[in-house]
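If you want the building blocks of each chain, they are given just below.
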Amino acid sequence: MKTYMIHLNSRRCIGCHGCEVHCKTNKQLPVGPFLCEISHAPLKKVGGVPKTEFVFSSCRHCEEPLCVPVCPTNAMIQRQDGIVYVDQELCIGCMACKTACAWDVPVQNPGDGKAVKCDMCMDRLDRGLKPACVTKCTTHALKLVTLQAA
C-alpha cells in the first residue's frame, strides 16, 4: 500500500504562501481559513546569529485518525492509501472532526458551513498529478513523498 506525505525543505521556502493560495484555488474555497499553513518556527540562534525558518502544517493523515470515528454521518473517511478526506455530500458541518483532531486540522468552510481539510488533492493524485501546493510552489520547497508500507 502506498501512503503519501508532503515534505517541506525549509531552506528553500521563502514564505510566499503560494501553496496556500493554490490549495484554496484548486478546491474553489472562499476567503477564510487555509487547509494548510506556512508559519515561522520559533526564533533560534545558530552560531550566535538569530535564525528562523518556515514550517508547513497540514493534515497528517494519521494511521488511526481520531476524526473518522467521531463523525456522526460517516463523512470523514480514510482511503486505503491513508488519505483522510471529507465527503461533502454527507457532511453536516457539526465539526466533531475538528474537536477530535489532535492537530485541530479541519476547518469550517465559510461558504457552506461544512468541514474541509487537506485531502492531498486526491483527485489529482488519482490522475497521476501532484497536489496543487506541490505543483505551484515557486521555489520547489514542497515535495510529495510516496512511502511504501512494509
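Each residue is numbered by its place in its chain's sequence as written, counting from 1. Owing to the predicted nature of the model, reporting of local features is limited to residues with pLDDT of at least 70; listing and counting of side-chain atom pairs is limited to 80 or more, with chain, interface and lining totals taken over all residues. Remark: hydrogens and water are excluded; side-chain values derive from all non-hydrogen atoms of the structure.

**Brief notes about the nonpolar core**
Put simply, the rule reads: Put simply, buried Ala, Val, Leu, Ile, Met, Phe, Trp, Tyr and Cys residues joined by side-chain atoms within 4.5 Å make one nonpolar core. For each residue, the accessible area found with a 1.4 Å probe, counting protein chains only, is set against the maximum for its type, and the residue is called buried under 20%, exposed over 50%, and partly exposed in between. Every helix listed is a DSSP run of H or I at least four residues long, and every strand listed is a run of E at least two residues long, numbered separately from the N terminus. When checking whether two residues touch, look at their non-hydrogen atoms; a contact exists if any pair is within 4.5 Å.
Membership of the largest hydrophobic core comes to 25 residues, with the highest contact counts inside it found for Ile6, Phe56, Met120, Cys133, Leu142 and Leu144. Elements represented by at least two residues in this core include exactly strand S1 (2-8), helix H1 (18-27), strand S5 (54-57), helix H4 (122-125), helix H5 (132-135) and strand S10 (142-148). Top element by residues in this core is S1. It accounts for three residues. When sequence neighbours within four positions are dropped, the list of residues in contact with Met120 reads Tyr4, Met5, Ile6, His61, Ile83, Leu125, Pro131 and Leu144.

**Here we look at the packing of aromatic side chains**
Short version of the rule: Aromatic contacts are taken between Phe, Tyr and Trp rings whose centres are within 6.5 Å, Trp giving its six-membered ring; a plane angle under 30 degrees counts as stacked, one over 60 as edge-to-face, and the others as tilted. Sitting over a ring, as applied to charges here, requires NZ of Lys or CZ of Arg to be within 6 Å of the ring centre and within 35 degrees of the ring normal.
Tallied over the entire structure, the rule returns zero aromatic pairs. Sitting over the face of the ring of Phe34, Lys24 holds its NZ or CZ atom 5.4 Å from the ring centroid. Taking NZ or CZ as reference, Arg60 lies 3.9 Å from the ring centre of Trp103, over its face.

**Re the environment of Ala102**
Take Ala102: it is sitting in the loop between helix H3 (96-100) and strand S8 (107-108). Residues Ala102 and Pro65, 37 residues apart in the sequence, show an inter-C-alpha distance of 9.2 Å.

**What about H1?**
Taken together, the buried positions of H1 are occupied by Gly18, Cys19, Glu20, Cys23 and Lys24. Of the surrounding elements, those touching the buried residues of H1 are strand S2 (37-40), S5, H5 and S10. Phi turns positive one or two residues past the end of H1, at Gln28, with a value near 55 degrees.

**What about the environment of Ala132?**
On the secondary structure map, Ala132 appears in helix H5. Ala132 sits 119 residues away from Cys13 along the chain, and the two C-alpha atoms are 16 Å apart. Aside from chain neighbours lying at most four places away, what touches Ala132 is His22, Asn26, Cys121 and Arg124.

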